[in-house]
Amino acid sequence: MYSSQLCSIIAVIQNLLLAAAQDVPGQPIENDWAPEPFTDFTKNILFYREADAVNWHTLYARTLQLPNESLLITWENYPAEPPLVNHPIWKSDDGGATWYNYSQIEDQVNGWGLRFQPFLYTLPIDFGGYPAGTILAAGVSCPFSLEGGVWIELYASTDLAKTWTFVSHVAYGVGPETIANGDKALWEPFIVLYNNQIVIFYSDQTDPAHSQKLVHKTTDNLVTWSDAAPDVAFARQADRPGMTTVAHIESTDKWIMTFEYCGVGGCRVHYKVADSPLLFDAAEATELHTNDTSLTTGTSGPYVIWTAHPDRDDGSGLIIISASNREWVFVGEDDADPEGWKRVETNHWSAYSRSLRVVMIKGKKKLLYANGGNFGPGYLNSVACAVQPIPR
Ligand SMILES: *[C@@H]1O[C@H](CO)[C@@H](O)[C@H](O)[C@H]1NC(C)=O
Ligand SMILES: *[C@@H]1O[C@H](CO)[C@@H](O)[C@H](O)[C@H]1NC(C)=O
Ligand SMILES: *[C@@H]1O[C@H](CO)[C@@H](O)[C@H](O)[C@H]1NC(C)=O
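Quick caveat: nothing in here was measured; it's all calculated off a predicted structure. (Residues numbered from 1 in each chain as written. Chains lettered and ligands numbered in written order. Predicted model: local features only at pLDDT ≥ 70, side-chain atom pairs only at ≥ 80, totals over all residues. Heavy atoms only, no water.)

Novice: Would you mind going over the site of ligand 1 with me for this structure?
Specialist: Residues in contact with ligand 1, as listed here, are Asn68, Glu69, Ser70 and Asp93. In the model, a nitrogen atom of ligand 1 is placed 2.7 Å from a nitrogen or oxygen of the Ser70 side chain. In isolation ligand 1 exposes 360 Å². Once the protein is present, 47% of that is buried. Residues of the shell around ligand 1, tallied by class, amount to no nonpolar, 2 polar and 2 charged. (Near = heavy atom within 4 Å. Polar contact = N/O pair within 3.5 Å; in protein donor to acceptor, adjacent residues only side chain to side chain. Areas by Shrake-Rupley, 256 points an atom, 1.4 Å probe, with all protein chains shown as cover. Nonpolar A, V, L, I, M, F, W, Y, C, P; charged D, E, K, R; others polar.)

Spelled out as structure tokens, the structure:
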């Protein structure tokens, strides 16, 4: 049965994470304070898992900023079903200090729910009949049983995330939606605009030659999608690269992708740099490690961003990478030099696939961290955020 199989897989993952997680303190189940509006803070819990929640209760938080500086957050949410799970949208109008339930992205086509890995993206240009400013939301839809099929879905909102409409199916697997080698599952969509195409990256278990590989599809109309093209696929069938995130290094016009390399790579974070986000397949994979004498690596669930350097005016910037088992972040220069990643403390909890976003708070550039908890016992999980100066 799926649940016992999934439990044993989860146990394996937990052991992997625990083994690698020497510096992951437990996240407290509750806190009783809220930061002052529009200030810097860490460890701000904004949503407590529901009392009847199942699985991981909450996981995998993703954010977005609206044009007037309000913030949005979504996450995997696991209340008992029915009703079907959806991707909640909560909003903050005070710089992330307090948040309220704003809307939710519901499955409008499959009758399965929106279950895994939400991702939010603002269209910077008119595209596919949608005006600039439209918010796109990708996510994974599959049944509660995890059997019977899985879609990566695209939804859109033209009213700043208040209401959502189904746009298209991006990719299909027959399932079951588990991480067992051979199950035809899909995970973790990530959206980028490149060269007048929307690109969706995701993890793909549908090719029997690879337990899992990383691929992308492109569209010029949000409705019809290209075939999947590989970004990372290792020769060893059992190897599992996973969890693509991508950033544009504006100063060099290059692109960086991070991923976890499970299998022989022990889920340690790796990255590739290429001239185009469509050309990662041919690029060399590099293992990420700090440039102090410890050569410390990071494990699982990476998230990469690039931002112009807050203290320079020459156009150069910083690449910032978070890993699931580290509270601190890796910060590197625009050349992504393998020996140039310094460890910078955040004073914020780690989380499974903690996300990073550069935001403007009262006109000042800050880094918003979003946590959905860890991939362990769900009762420890809640949704939390931090707003901090750009680490450097
Ligand atoms: C953004 O606009 C909304 C709606 O007018 C408002 O409620 C909210 O406070 C604004 N956000 C900020 C950060 O001013
Ligand atoms: C948000 O509010 C709606 C409508 O009241 C409710 O159905 C939903 O469960 C709430 N979402 C969360 C995550 O609490
Ligand atoms: C580590 O890399 C940073 C650049 O990201 C550099 O400033 C620093 O000097 C390097 N540290 C060591 C010990 O090489």
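Novice: Help me understand the nonpolar core in this model?
Specialist: The nonpolar side chains of a soluble globular protein tend to be buried, and buried together. One finds Leu136, Leu154, Ile191, Ile198, Ile200 and Ile320 to be the most contacted residues of the largest nonpolar core, which totals 62 residues. Considering each element in turn, this core owes the most residues, 6 residues, to strand 10 (residues 186-194). In this structure, Leu154 is in contact with Leu136, Ala137, Ala138, Thr165, Phe166, Val167, Ser168, Val170, Ile191, Ile200, Leu222 and Trp225, ignoring residues within four places of it in sequence. Formed by 16 residues, the second largest nonpolar core is a distinct cluster that contains Leu46, Phe47, Ala61 and Trp90. (Core = buried A, V, L, I, M, F, W, Y, C linked by side-chain atoms within 4.5 Å. Buried < 20%, exposed > 50% of the residue type's maximum accessible area, 1.4 Å probe, protein only. Helix = DSSP H or I, 4+ residues; strand = E, 2+ residues; numbered from the N terminus. Contact = heavy atoms within 4.5 Å.)

Novice: Mind showing me how you'd approach the environment of Ile321 here?
Specialist: With respect to the secondary-structure elements, Ile321 resides in strand 19 (residues 317-322). Expressed as a C-alpha distance, the spacing of Ile321 and Val269, which sit 52 residues apart in the sequence, is 9.4 Å. For Ile321, the contacting residues outside a window of four places in its chain are Thr258, Val269, Leu288, Pro302, Tyr303, Val304, Val329, Phe330, Trp341 and Leu356.

Novice: Teacher, can you tell me more about the pairing of strand 8 (residues 150-157) here?
Specialist: The buried fraction of strand 8 is high, at 7 of 8 residues. Two strands pair when backbone bridges link them, and strand 7 (residues 135-141) and strand 8 are joined in this way by 7 bridges, in the antiparallel orientation. The partner of Gly139 across the bridge, within strand 8, is Glu153. (Pairing = 2+ DSSP bridges.)

Novice: Looking at this structure, how should I read the packing of aromatic side chains?
Specialist: We describe a pair of aromatic rings using the distance from one ring centre to the other and the angle between the two ring planes. In the structure shown here, the tally under the stated rule is 18 aromatic pairs. Judged by centre distance (6.3 Å) and plane angle (55°), the ring pair of Phe201 and Phe280 falls under tilted. In this pair, Phe201 sits in strand 11 (residues 197-204) while Phe280 sits in the loop between strand 16 (268-274) and strand 17 (286-287), placing the two residues 79 residues apart along the sequence. Each member of the pair, Phe201 as well as Phe280, carries the same accessibility label: buried. Pairwise contacts between aromatic rings join Trp56, Tyr78, Tyr352 and Phe375 into one cluster. Its end group placed over the ring of Tyr60, Arg62 keeps NZ or CZ at 3.8 Å from the ring centre. A cation sits over an aromatic face here: Lys91 above Tyr102, 5.0 Å from the ring centre. (Phe/Tyr/Trp six-rings, centres within 6.5 Å; stacked < 30°, edge-to-face > 60°. Lys NZ or Arg CZ within 6 Å of the ring centre and 35° of its normal.)

Novice: Can you walk me through the sheet that holds strand 19 in this structure?
Specialist: Backbone-to-backbone hydrogen bonds pair the strands of a sheet. The strands run either parallel or antiparallel. Strand order in the open sheet formed by 4 strands is 18-19-20-21, with antiparallel pairing between adjacent strands. Of all the strands in the sheet, the pair left with one neighbour each is strand 18 (303-308) and strand 21 (342-344). On average, each strand axis in the sheet is inclined to that of its neighbour by 30°, with strand direction left out of account. Of the strand pairs in this sheet, strand 20 (residues 329-332) and strand 21 are connected by 3 bridges, and their pairing is antiparallel. Across the sheet, the residue bridging to Val329 is Val344, located in strand 21. (Axes fitted to C-alpha atoms, helices over the stretch in contact; angles between N-to-C directions.)

Novice: In this structure, what is going on with the confidence of the model for the protein? I would like to understand it.
Specialist: Low-pLDDT portions of the prediction should not be read for the details of their coordinates. Of all residues in the protein, 92% attain a pLDDT of 70 or more, and the chain-wide mean is 93. Under a pLDDT of 50 for its full length, residues 10-26 has, in the predicted model, 23 contacts with residues more than four places off or in other chains. (pLDDT = per-residue confidence, 0-100.)

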